[in-house]
There are 2 protein chains.
Amino acid sequence: MTIDTARLQDMANAIRALSMDAVQAANSGHPGMPMGMADVASVLFQNHLKFDPSRPDWADRDRFVLSAGHGSMLIYSLLHLSGYARPTMEEIRNFRQLGSPCAGHPENFLLEGVECTTGPLGQGLAMAVGMAMAERHLNAEFGDGLVDHRTWVVAGDGCLMEGINHEAIGLAGHLHLGRLIVLWDDNNITIDGPADLSTSEDIKARYEATGWHVVSCDGHDFDDIDRALEEAKADERPSLVACRTIIGKGAPNKQGTAATHGAPLGPEEIAGAREALGWDAEPFEVPGDILADWRATGDAGREANGEWQNRLAGSELKDQFEKRMDGVGDSASAAVTAHIQTLAADPQKVATRKASEMALEPLTENIRHLIGGSADLTGSNNTKTSATAPFTADDYSGRYVYYGIREFGMAAAMNGMALHGGVVPYGGTFLIFSDYCRNAIRLSALQKVGVVYVMTHDSIGLGEDGPTHQPVEQVMSLRLVPNLNVYRPCDTIETAECWALALQTPHTPSVLALSRQGLPQLRGEGDADWSGETNRSAKGGYRMRAASADRKVVIVASGSEVSLAVECADRLEQDGVGVDVVSMVCAELFDQQDEDYRADILPADALIVSIEAGSTLGWERYTGCGGLNIGIDSFGASAPASDLFSHFGFTADAIVPQIQNKLNT
Amino acid sequence: MTIDTARLQDMANAIRALSMDAVQAANSGHPGMPMGMADVASVLFQNHLKFDPSRPDWADRDRFVLSAGHGSMLIYSLLHLSGYARPTMEEIRNFRQLGSPCAGHPENFLLEGVECTTGPLGQGLAMAVGMAMAERHLNAEFGDGLVDHRTWVVAGDGCLMEGINHEAIGLAGHLHLGRLIVLWDDNNITIDGPADLSTSEDIKARYEATGWHVVSCDGHDFDDIDRALEEAKADERPSLVACRTIIGKGAPNKQGTAATHGAPLGPEEIAGAREALGWDAEPFEVPGDILADWRATGDAGREANGEWQNRLAGSELKDQFEKRMDGVGDSASAAVTAHIQTLAADPQKVATRKASEMALEPLTENIRHLIGGSADLTGSNNTKTSATAPFTADDYSGRYVYYGIREFGMAAAMNGMALHGGVVPYGGTFLIFSDYCRNAIRLSALQKVGVVYVMTHDSIGLGEDGPTHQPVEQVMSLRLVPNLNVYRPCDTIETAECWALALQTPHTPSVLALSRQGLPQLRGEGDADWSGETNRSAKGGYRMRAASADRKVVIVASGSEVSLAVECADRLEQDGVGVDVVSMVCAELFDQQDEDYRADILPADALIVSIEAGSTLGWERYTGCGGLNIGIDSFGASAPASDLFSHFGFTADAIVPQIQNKLNT
């Protein structure tokens, strides 16, 4: 494609002006990165990116990810200038103000055109890997005519230095994701100063060692940028394009320094930039001819989309494709119905990680969207089923990903896959290693994507591996994350119910906390005719067993402790004390029930006792005045599980007297 | 040094036998890695490692880190065989049983000789980087005669694939830590199968790109191992020694397969191994001549230690050195006394991150143990002081580390430094990125080291950067971690008090949650004669202000919300309602006070209201029956801080009516 330097320069300077002016107006923000990458971004949008501003939801669009999310004015400028309906100029004027979709860091739920929420360094790139995985997977199923697009990332030094970068590029290199192209803002500046204050790495050599193609260019030479992007597209490997840039380019005195990174330029420097760039338009005004050039960048994509729509309309895979892109709907309940009814007739005592695998069989068989995986713990997480063959560089139709020892990279890739659409990812690791990927789990919640984390080995019940591996605070700490449903099912049937629920909340991610050890099946009675409508876990907490008579105590437990609660209840009942047993499968769902329901399940006039092999802090919300909380608030120990449960007081012998004491006080 | 292959073979097989037999007896554990690395470990201990089994606390010993912590029987075998007092053979027989110090994964607080607690992959190596940093720092101060030792790491494929590995080796390469040597168990096996299931990386090239020296050897050829270790020691760069091994070497049918990774070999395979290795001793018995060879491996170190003791005794730096290795003692209170008294006379309204910097000035001036740093947020975390010059490859005497964008690597390095002894590290990042290093913070607590995490920008009070950066659940989720003190001071004086407390708990790590925004100084009255004994924050929570009369309400708040609590109290007092204001600086310390104190501060007969710009779940523990919890349980938003505090209800206008309502119900 032709490079008209003068026109591209104006187009790039429009980005520079908007960025520095918006940051200045907000008295807050990061002008350096947008000004540094304006030239590269202009070439990308003008000549390479496949997009239709009138259809931000076009399934076959290229994905553009601003991994260096602090440079958010770059993407807001690009979306506005190229003709997306939003952000409007008014919204840009209100950059970083309450109510503006132009938030400090780009948020996917505020603006179409923002593919993912970035800011926490490294994760944008790692999510882009997931988007590229989804693209290849859907291409394997639907063919080049319907699925053939690229994933472009703009990333800075920070994104490349973070540990997650290693995991992300390892995955991408191993999977030969050739349509993934990372444009590295190679400006040699970090917040604390020159990059060599903290790093001496030969980044290009590292990427090549990881199976990537590496190319360099002068980030301020349009022809050179264009040449580099063409080379990147041509190569079969994922590509890193090192764009040598000057941070804050255009700011006459401050460019090239960390001063432009995270603070407004100031009125003097802005005036100087206007002069240096020859830009005399007022803030938030774009000269008509330059705007026209920008608006034209979407033409090729609009046309390509038109052609694509035609191909879709005439394709025999049309219905299948649209269903796939629509999501799972309520097919999950249907998929597990027979399974649960079978369990009702034929109870199984198994670990809930095994129960999860049992439910995954019909789920993965019937719901083709599902792509599973594990961070090198497949046999322990029980995430692979007969319907899921390996997803590899040689066979992208596979539905099982061997993520390797890369928990954070896995979680971010899952986010990217979900955001791409057409796939619903689930991935496993040990619950303790939710710590490693915690901020990606948080981003699942913030971005409102319905990924499912299969987190096994959920307590001291895992036994001998000891305190480094035994979760204590993980379940409760995950309950603290907004918009995250944390499920801890007690048996086979609850586990299947939780899977159904998890797959019915496409805008809320789920964690399944599952046991290593075998657990008795407590459900079954009354489940012979189970259906989605009768999913008892849907209320989050429910009465598993009612007191025989005069109820004095309610024991509320989750997961592996529900059977212990039943045992305690049995003993107390024998002593004439009426005891309800409540299974708190998912506290978040319980919190959403109306007050009457919650007051009925956890009544004010009973002694409420919580039992969970985890932190007690937080349980007071449910056990109220004068309640009793049985839990573990210290690190665990290395021993067989039964010894540990005794040692830490999780036996009826230890608990029942405490309840009786409390009743008598 | 000579290599007597026959004797080394016997010595290595002693490790193999102990490992497979202990795992078998426990019916749990990982025999493959110890059996695979037995040969390498034998050469290391025989010819290279500087250690004195009779003095595991010898300050100038080499450090040995088993980063692949699941192979714990390797280190237990090594410690026992080479003559450490523990583990005894009885303790090894009880591997993975309750009460045995031979836990599933090695725990530093259970066995001398275990330098750090490993298991969560990647962190051992990253902690070793910190140990190597500490060694160079102390060498810069005390010279070669007193400080000159190496740090050896045994790591597996998992440790190298984890994101934290990238951060750790980046730091080590940049800092030219030539005394750090990583022995890579290059067996090409991960849990899910062959390593190439998930990775295609050229690991050696990556390490070279990061400034490391790389050498290979046949992990089962003693001469070759010895040659490689010599080359590693000779090179000025940190070294990776790729030891080609067969996992489970010695197990005739299962060696080389993932089957030996994480399960007992089984009696048949063990019998086969005995035959294949020519090992006929009973389980847990070591033939006398082989044991004698093992016990002799410590001779050189014992002798070296004796010489070292002489050098120390005759050194003019003796007292200084011993003081340094002893720790901080109670010098922190003395260091901040004048500073606090000055603040009492001359109040300052500043952000608590700035208050932290102010306290750090006298602290770093007076306590030479302190080594600070930040993960590329120095100017934001305010962690650098006039007493701390950069710690670099050219000047290891520096006391400020530019960690780069490596939060997890920084936290692990801090753990390693603290475990090494002689340095007390503190490091900064944004509180939201505690998520990135959460498991290292957990390991600080598990390993009982008193590192200090400076976590700034602690709430929606950070403003425009928005929800990806605004902590909501972080403070409460960190309170859930056992043995971790989470401080959230309200002003300059509390911040200095918290620093003093943090530096007085050498076995408990601390998090300082600090504001971005300016906060009024609430303390001062009564602090003119401040001393360590009068540290009001020491009780964790205390009455900042007492009700004028008939107390009806107690408002308990932390950090930036304490001044809001005072404002609310003012208004209610004007309405004739008596209100106490309690500052909950550190919930963990408060929990440790006796019941009378706690009941006095949070009395049963008052309405207790909590105010904290974070999760409400968990506050019920302190606000009890019928309390009121003001907080934020959703993600934040991008806007100036004052707009956000209004928007989310953190104003007296919004809160006082709620309190009045509650009083009237």
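Residues numbered from 1 in each chain as written. Chains lettered and ligands numbered in written order. Predicted model: local features only at pLDDT ≥ 70, side-chain atom pairs only at ≥ 80, totals over all residues. Heavy atoms only, no water.

**Q** What should I look at first to understand the overall build of chain A in this one?
**A** Along the backbone of chain A there are 26 helices and 20 strands. At 28 Å, chain A has a C-alpha radius of gyration in line with the 26 Å of a compact globule built from 665 residues. Taken over the C-alpha atoms alone, chain A extends approximately 90 × 55 × 45 Å along its principal axes. Out of the 665 residues in chain A, the part that is buried amounts to 68%. Taking as baseline every contact in chain A between residues at least 6 positions apart, the subset at least 24 positions apart corresponds to 78%. (Helix = DSSP H or I, 4+ residues; strand = E, 2+ residues; numbered from the N terminus. Rg over C-alpha atoms; globule rule 2.2 N^0.38 Å. Buried < 20%, exposed > 50% of the residue type's maximum accessible area, 1.4 Å probe, protein only. Contact = heavy atoms within 4.5 Å.)

**Q** Any chance you could explain the relation of the copies chain A and chain B here in plain terms?
**A** Look at the two chain copies: a rotation about an axis and a shift along it is all it takes to match them. When chain A is brought onto chain B, the operation consists of a screw motion whose angular component is 180° and whose axial shift is 0.0 Å, with 0.0 Å RMSD remaining. The operation mapping one copy onto its partner corresponds to a two-fold rotation axis. Comparing contact sets, 99% of the residues at the interface of chain A also lie at the interface in chain B, consistent with an isologous, same-surface contact. (Least-squares fit on C-alpha atoms with pLDDT ≥ 70 in both.)

**Q** Could you clarify how one ought to interpret the side chain of Asp39 of chain B in this entry?
**A** With respect to the helices and strands, the residue Asp39 of chain B is situated in helix 2 (residues 32–48). Not counting chain neighbours up to four residues away, the residues in contact with Asp39 of chain B comprise Gln9, Ala12, Arg16, Gly219, His220, Phe222 and Ile225 of chain B.

**Q** Explain the side chain of Gln474 of chain B to me, please; I cannot follow it from the model alone.
**A** Tracing the backbone shows Gln474 of chain B in helix 19 (residues 474–479). There is a polar contact of 3.2 Å between the side chain of Gln474 of chain B and the side chain of Asp435 of chain B. Each residue touching Gln474 of chain B, except ones within four places of it in the same chain, is listed here: Arg442 of chain A together with Leu431, Ile432, Ser434 and Asp435 of chain B. (Polar contact = N/O pair within 3.5 Å; in protein donor to acceptor, adjacent residues only side chain to side chain.)

**Q** Whenever I open this one, unusual backbone geometry confuses me. Can you help?
**A** Most of the time, phi is negative for any residue but glycine, and the peptide bond is trans. Residue Pro87 of chain A follows Arg86 of chain A across a cis peptide bond; omega there is 10°. Within the element layout of this structure, Pro87 of chain A appears in the loop between helix 3 (72–82) and helix 4 (89–93). A positive phi angle is found at Asn188 of chain A, which is not glycine, with a value near 60°. As for its position among the elements, Asn188 of chain A is in the loop between strand 3 (180–186) and strand 4 (189–190). A positive phi angle is found at Lys448 of chain B, which is not glycine, with a value near 60°.

**Q** Explain the confidence of the model for chain A to me, please; I cannot follow it from the model alone.
**A** Interpreting fine coordinate detail is not advised for predicted regions of low pLDDT. With 100% of its residues at a pLDDT of at least 70, chain A reaches an overall mean of 97. At the level of chain-chain contacts, confidence expressed as ipTM amounts to 0.98, with global pTM at 0.98. (pLDDT = per-residue confidence, 0-100.)

**Q** Explain the layout of surface pockets here, please?
**A** To locate leftover empty space, one rolls a probe as large as a water molecule over the atoms. Space inside the largest pocket adds up to approximately 1,600 Å³. Glu620 and Gly624 of chain A together with Glu620, Gly624 and Cys625 of chain B are, among the 41 residues lining the largest pocket, the residues nearest its centre. Counting residues per element, the ones that place at least two in the lining of the largest pocket are helix 22 (587–591), helix 23 (595–601), helix 24 (620–623) and strand 20 (628–630) of chain A together with helix 22 (587–591), helix 23 (595–601) and helix 24 (620–623) of chain B. Residues of the lining of the largest pocket, tallied by class, amount to 19 nonpolar, eleven polar and eleven charged. (1 Å grid on protein atoms, 1.4 Å probe; cavity = no way out; pocket = protein on both sides within 12 Å on 5 of 7 lines; lining within 4 Å. Points joined across faces, edges and corners; volume = space filled by probe spheres on them. Nonpolar A, V, L, I, M, F, W, Y, C, P; charged D, E, K, R; others polar.)

**Q** Help me out: how do you make sense of the UniProt feature "domain: Transketolase-like pyrimidine-binding" (unreviewed entry) in chain A in this one?
**A** In the UniProt entry, the feature "domain: Transketolase-like pyrimidine-binding" (unreviewed entry) is given for residues 350–521 of chain A. For the annotated span residues 350–521 of chain A, helix accounts for 35% and strand for 18% of the residues, and the straight-line distance between the end C-alpha atoms is 8 Å. (UniProt positions renumbered as here; feature names shortened; annotations may be inferred.)

**Q** Any chance you could explain the sheet that holds strand 11 (residues 424–430) of chain A here in plain terms?
**A** Remark on secondary structure: sheet strands pair via backbone hydrogen bonds, oriented parallel or antiparallel. Residues and elements named next belong to chain A. Within the open sheet, the six strands sit side by side as 10-9-11-12-14-13. Their pairing is parallel. Every interior strand has two partners, whereas the edge strands, strand 10 (400–402) and strand 13 (485–487), have only one. When the angles between neighbouring strand axes are averaged without regard to direction, this sheet yields 20°. Where strand 12 (residues 452–456) lies against strand 14 (residues 510–513), four bridges are found, and the strand directions are parallel. The residue bridging Met455 from the neighbouring strand is Ala513, located in strand 14. (Pairing = 2+ DSSP bridges. Axes fitted to C-alpha atoms, helices over the stretch in contact; angles between N-to-C directions.)

**Q** What is the right way to read the interface of chain A and chain B from this model?
**A** Bring the parts together and some accessible area is lost; that lost area is often taken as the interface size. If you look at the interface, chain A gives 94 residues, while chain B gives 94 residues. Roughly 8,000 Å² is buried in total at the junction of chain A and chain B, and carbon and sulfur atoms are behind 59% of that figure. Between the two partners, chain A and chain B, sit eight salt bridges. Between Arg96 of chain A and Asp465 of chain B there is a salt bridge, with the nearest N and O atoms lying 2.7 Å from each other. In this structure, the connection of chain A to chain B is made through 54 residue pairs in polar contact (both at pLDDT 80 or more). Grouping the constituent residues of the side of chain A that touches chain B by class yields 37 nonpolar, 34 polar and 23 charged. (Buried area = accessible area lost by both parts, 1.4 Å probe. Salt bridge = Lys/Arg side-chain N within 4 Å of Asp/Glu carboxyl O.)

**Q** Teacher, can you tell me more about the pairing of strand 14 of chain A here?
**A** As a general feature of sheets, a regular strand has side chains that alternate between the two faces. What you see with strand 14 of chain A is no split at all: Ser510 and Leu512 of chain A on one side and Val511 and Ala513 of chain A on the other are buried throughout. A crossover links strand 13 of chain A with its parallel partner strand 14 of chain A, the connecting element being helix 20 (residues 492–502) of chain A, and its sense is right-handed. (Right-handed = clockwise from strand over helix to strand, strands pointing away.)

**Q** Explain the packing of aromatic side chains to me, please; I cannot follow it from the model alone.
**A** Each aromatic ring pair is summarised here by two numbers: the centre-to-centre distance and the angle between the ring planes. Residue and element names in this part refer to chain A. Tallied over the full model, the rule gives 38 aromatic pairs over all chains. Consider the rings of Phe45 and Phe51, whose centres lie 5.1 Å apart with planes at 55°: the pair is tilted. Classification of Phe51 by relative accessible area gives buried; the value is 2%. Seen from their ring centres, Phe433 and Tyr436 are 5.4 Å apart, and the 80° between their planes marks the pair as edge-to-face. The pair Phe433 / Tyr436 is uniform in exposure class, with both members buried. (Phe/Tyr/Trp six-rings, centres within 6.5 Å; stacked < 30°, edge-to-face > 60°.)

**Q** Is there a simple way to think about the pattern of salt bridges in this case?
**A** Side-chain pairs of opposite charge can arise whenever the charged atoms involved come near each other. Residue and element names in this part refer to chain A. Per the stated rule, a full pass over the model turns up 70 salt bridges over all chains. With its nearest N and O atoms 2.8 Å apart, the salt bridge here joins Arg488 to Asp458. Placement of Arg488 in the loop between strand 13 and helix 20 and of Asp458 in the loop between strand 12 and helix 19 (474–479) is noted, with a sequence separation of 30 residues between them. The network of salt bridges with common partners includes Glu135, Arg136, Asp148 and Arg179.

**Q** Quick question: what am I supposed to make of the environment of Gly559 of chain B here?
**A** All names here are of chain B. Inspection of the secondary structure puts Gly559 in the loop between strand 17 (551–557) and helix 21 (562–574). Here Gly559 falls in the buried class, since its relative accessible area comes to 2%. With 527 residues separating them in the primary sequence, Gly559 and Gly32 have C-alpha atoms 50 Å apart. Look past the residues within four positions of Gly559 in its chain and what remains in contact with it is Arg488, Pro489 and Cys490.

**Q** Teacher, can you tell me more about helix 11 (residues 288–296) of chain B here?
**A** Residues and elements named next belong to chain B. Within helix 11, the full set of buried residues consists of Ile290, Asp293 and Trp294. Buried positions in helix 11, seen along its axis, are confined to an arc of 100° and lie on one side of it. For helix 11, the exposed residues lying more than 90 degrees away from the buried face are Gly288 and Asp289. Tucked inside the fold, the buried residues of helix 11 contact helix 1 (5–26), helix 2 and helix 3 (72–82). (Arc of directions from axis to C-beta.)

**Q** Sorry if this is basic, but what is going on with the sheet that holds strand 7 (residues 239–244) of chain A here?
**A** Residues and elements named next belong to chain A. As summarised here, the arrangement of the five strands in space is 1-2-3-7-6, forming an open sheet in which the pairing is parallel. Each of the sheet's edge strands pairs with one partner strand only, and the pair in question is strand 1 (63–66) and strand 6 (213–218). Averaged over all adjacent pairs, the angle separating strand axes in this sheet is 20°, with direction ignored. In this structure, strand 1 lies alongside strand 2 (residues 151–155), joined through four bridges in parallel fashion. Across the sheet, residue Arg63 finds its bridge partner in strand 2, namely Thr151. The strands that helix 5 (residues 123–142) touches are strand 1, strand 2 and strand 3; relative to strand 2, the one it contacts most, it runs at about 175°.

**Q** Where do I start with the packing of helix 1 of chain B against helix 11 of chain B in this structure?
**A** A pair of packed helices is characterised by two quantities: the angle between their axes and the separation of those axes. Residue and element names in this part refer to chain B. It is the contact of helix 1 with helix 11, at a shortest axis distance of 10 Å, that shows an interaxial angle of 95°. Considering the angle they form, helix 1 stands roughly perpendicular to helix 11. Side by side, helix 1 and helix 11 meet where Arg7, Asp10, Met11, Ala14 and Ile15 of the first sit next to Ile290, Asp293 and Trp294 of the second. Looking at side-chain class alone, the contact of helix 1 with helix 11 contains five nonpolar, no polar and three charged residues. (Parallel < 35°, antiparallel > 145°, perpendicular 65-115°, else oblique.)

**Q** Please clarify how the pairing of strand 2 of chain A should be interpreted in this entry.
**A** Residue and element names in this part refer to chain A. Burial analysis of strand 2 places five of its five residues in the buried class, the great majority of the element. Across the two faces of strand 2 the burial is the same, with Thr151, Val153 and Ala155 and Trp152 and Val154 all buried. Both strand 2 and strand 3 contribute to a ladder of five bridges, which runs parallel. Bridge assignment links Val153 to a residue of strand 3, and that residue is Val182.

**Q** So what exactly am I meant to see when it comes to helix 2 (residues 32–48) of chain A here?
**A** Counting along an α-helix, one turn takes 3.6 residues, and residues three or four places apart therefore face a common direction. Residue and element names in this part refer to chain A. Compared with the 24 Å implied by 1.5 Å per residue over 17 residues, the 24 Å span of helix 2 between its first and last C-alpha is a close match. Approximately 55° is the largest bend angle found in helix 2, and it occurs at Ala38. Within helix 2, 16 of the 17 residues are buried, leaving the element largely enclosed by the surrounding structure. (Expected span 1.5 Å × (residues − 1). Bend = angle between axes of the 7 residues up to and from the residue.)

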